[in-house]
Amino acid sequence: MPSSPLRNLKPSVALIGCGKMGSALLRGWISARIVGDVFVLEPAGLPDEFQDEDNISGYDSAAALREIASEIDVVVLAVKPQIMTQVCPDLKDIVPTNAVILSIAAGQTIGGFENYFGMDRAIVRSMPNTPAAIGEGITVAVSNAGVSAEQRQIANTLLRAIGQVEWVDDEKLLDPVTALSGSGPAYLFYLIEVLAEAGTKAGLDKNFAMRLARQTMIGSAALAAADSGTPAAMLRKNVTSPGGTTAAAMDVLLKDNRMQSAFDDALAAATARSIELSK
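For the structure given in this document, a descriptive report is provided here. Just so you know, these numbers come straight off a predicted model, no measurement behind them. Residue numbering note: each chain is counted from 1, following its sequence as written. In view of the model being predicted, local features appear only for residues whose pLDDT reaches at least 70, and side-chain atom pairs are presented and counted only at 80 or more, with totals across whole chains, interfaces and linings using the full set of residues. Computation of side-chain values covers all heavy atoms of the structure but excludes hydrogens and water.

The next subject is the overall build of the chain. The numbering of helices and of strands both runs from the N terminus, where a helix is a DSSP run of H or I of at least 4 residues and a strand a run of E of at least 2. Looking only at helices and strands, the chain has 11 helices and 8 strands in total. Taken along its principal axes, the extent of the C-alpha atoms in the chain is 70 × 40 × 35 Å. In this description, contact between two residues means that some pair of their heavy atoms is separated by no more than 4.5 Å. Contacts spanning at least 24 positions in sequence make up 64% of the contacts within the chain whose residues lie at least 6 apart. Counting only carbon and sulfur atoms, one obtains 55% of the accessible surface of the chain, whose full area is about 15,500 Å². Note on areas: Shrake-Rupley, 1.4 Å probe, and residue coverage restricted to the protein chains presented here.

Dropping the structure here:
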């Protein structure tokens, strides 16, 4: 049996899937130097950028992992949710019983993984978002009763490599989490589109309007990050001079609570869909 991850200090990780999110995780682990050996299961082959890393080796099938199975402390499931039914059964008899299983797949429940691997397995379900690709994501995680304090610490450290991490006790909260932070980047990108289109209609060149809209969102997000102790409402009020141009715009956006209502409906729809997908 493998030794405790904390005794190893740097856990050995089996990364199942090395697409965009899997590669982002791997990049973060390498940069932070927080892992020991990493065994990457990726049928398409280990991406070129990781070929020269001494502690990373690639495998093209679950069966090929069997020879190093006893060394695995953590299994990170980073494959698309729709192929989880193919991947997990192949891993069931390979994953050591005392390894923690960490999933970053949307809509895949702890109960589902317990059915695949066993009710006594240590399982962490997490929901990252796409800014994780540049180390600026936020991930929300929940664990089952089989996860020890040491294993939770290891999972937290691995997820911190791609941004901030929050933990919840109720798995049902991952549905609204998915609706808010998981889908959230799309809302911001759409707002960039909307602002640029409105600028174009106001008389600006299309490309110029897009540059203004894009950098305005980037700069505003950076300002919010730099002044994280100030509530968002206050940041907004700081920009809104009484009787000024921003106030005129906010009067329109706040009228009849229209924008809040739109987002309430949007997140409700995304939450409902998340619940459907997890069944």
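The rest of the description comes next.
Turning our attention to the side chain of Thr178. Within the secondary structure, Thr178 sits in helix α6 (residues 174-182). Three exposure classes are used, based on accessible area relative to the maximum for each residue type with a 1.4 Å probe and protein chains only: buried under 20%, partly exposed in between, and exposed over 50%. Judged by relative accessible area, which is 13%, Thr178 ranks as buried. Not counting chain neighbours up to four residues away, the residues in contact with Thr178 comprise Met127, Ser183 and Ser274.

To get an axis, fit a line to the C-alpha atoms, keeping to the stretch in contact for a helix; angles then go from 0 to 180 degrees between the N-to-C directions. Running from N to C, α6 and helix α7 (residues 184-201) point in directions that differ by 30 degrees, and their axes come no closer than 5 Å. Here α6 lies roughly parallel to α7, going by the angle between them. Counted together, Ala179, Leu180, Ser181 and Gly182 of α6 and Gly184, Pro185 and Tyr187 of α7 form the full contact between these two elements. In this classification, the charged set is Asp, Glu, Lys and Arg, the nonpolar set is Ala, Val, Leu, Ile, Met, Phe, Trp, Tyr, Cys and Pro, and all remaining amino acids, among them Gly, are polar. The residue makeup of the contact of α6 with α7, split by class, is 4 nonpolar, 3 polar and no charged. Note on terminology: angles under 35 degrees are roughly parallel, angles over 145 are roughly antiparallel, angles of 65 to 115 are roughly perpendicular, and the others are oblique.

All right, on to helix α2 (residues 20-32) then. Here, expected helix span is obtained from the residue count minus one, scaled by 1.5 Å. Taking 1.5 Å of rise per residue, 13 residues should cover 18 Å, and α2 covers 18 Å from first to last C-alpha, within 8% of that figure. Note on α2: the residue one or two positions beyond its end, Arg33, has a positive phi of about 55 degrees.

Before going further, it helps to spend a moment on the packing of aromatic side chains. Each Phe, Tyr or Trp ring, with Trp reduced to its six-membered ring, pairs with another whose centre is within 6.5 Å; inter-plane angles below 30 degrees give stacked pairs, above 60 give edge-to-face pairs, and intermediate values give tilted ones. Under the criterion given, the structure shown has 4 aromatic pairs. Measuring from ring centre to ring centre gives 6.3 Å for Phe39 and Tyr59, while their planes differ by 70 degrees; the resulting arrangement is edge-to-face. Highlighted residues: Phe39 in strand β2 (residues 38-41) and Tyr59 in strand β3 (residues 56-59), separated in sequence by 20 residues. The same class applies to Phe39 and to Tyr59, which are both buried. The interplanar angle of 55 degrees and the centroid separation of 6.3 Å between the aromatic rings of Phe113 and Tyr116 together place this pair among those described as tilted. Placement of the pair is Phe113 and Tyr116 together in helix α4 (residues 110-117), with a separation of 3 residues, close to one helical turn. In this structure Phe113 comes out as buried when scored by relative accessible area, which is 1%.

What follows deals with the pairing of strand β5 (residues 100-103). Every second residue of β5 is oriented toward a common face, with Val100 and Leu102 on one face and Ile101 and Ser103 on the other, all of them buried. As judged from the 4 bridges shared by strand β4 (residues 74-77) and β5, these two strands associate in the parallel manner. Residue pairing for β5: Val74 is matched across the bridge by Val100. The criterion for strand pairing is that DSSP finds at least two bridges linking the strands in question. Pairing between β5 and strand β6 (residues 122-127): 4 bridges, direction parallel. When the sheet's bridge partners are listed, Ser103 is paired in β6 with Arg125. Following the backbone out of β5, through α4 and into the adjacent parallel β6, one traces a crossover that is right-handed. Orient the strands so they point away from the viewer; a crossover is then right-handed if the path from the first strand over the helix to the second runs clockwise.

A 1.4 Å probe that fits into a set of points on a 1 Å grid over the protein atoms alone but cannot get out defines a cavity; an open set with protein on both sides within 12 Å along at least five of seven lines defines a pocket, and lining residues are those with an atom within 4 Å of a point. Grid points are joined across faces, edges and corners, and a volume is the space filled by probe spheres set on the points. A volume near 810 Å³ is recorded for the second largest pocket. Among the residues making up the lining of the second largest pocket, the classes are represented as 18 nonpolar, 9 polar and 5 charged.

If charged atoms from side chains of opposite charge come close, those side chains can pair. Here, a salt bridge means any side-chain nitrogen of Lys or Arg that lies within 4 Å of a carboxyl oxygen of Asp or Glu. Taken as a whole and judged by the stated rule, the model has 3 salt bridges. One salt bridge in this structure joins Arg27 and Glu49, with 3.0 Å as the shortest N-O distance. Placement of Arg27 in helix α2 and of Glu49 in the loop between β2 and β3 is noted, with a sequence separation of 22 residues between them. Given the relative accessible area of 34%, Arg27 is considered partly exposed. Glu276 is paired through a salt bridge with Arg273; the nearest N and O atoms lie 2.9 Å apart. Of the two residues, Glu276 and Arg273 are both situated in helix α11 (residues 258-277); the distance of 3 residues between them amounts to about one turn of the helix.

Here we take up the side chain of Arg121. Its location among the elements puts Arg121 in the loop between α4 and β6. His residues and chain termini do not enter the charge count, which takes Lys and Arg as positive and Asp and Glu as negative. Among buried Asp, Glu, Lys and Arg side chains, Arg121 stands out as unpaired, with Asp120 the closest opposite charge at 4.6 Å. Those residues in contact with Arg121 that sit more than four places away from it in its chain are Lys92, Val95, Pro96, Thr97, Ile101, Asn144 and Gly146.

The next subject is the state of the cysteines. Put simply, a disulfide is two cysteine sulfurs that come within 2.5 Å. Counted under the stated rule, the structure contains 0 disulfides. Note on Cys18: no disulfide assigned, nearest cysteine sulfur contributed by Cys88 at a separation of 17 Å. We classify Cys18 as buried; its relative accessible area is 6%. What makes Cys88 buried here is its relative accessible area of 0%.

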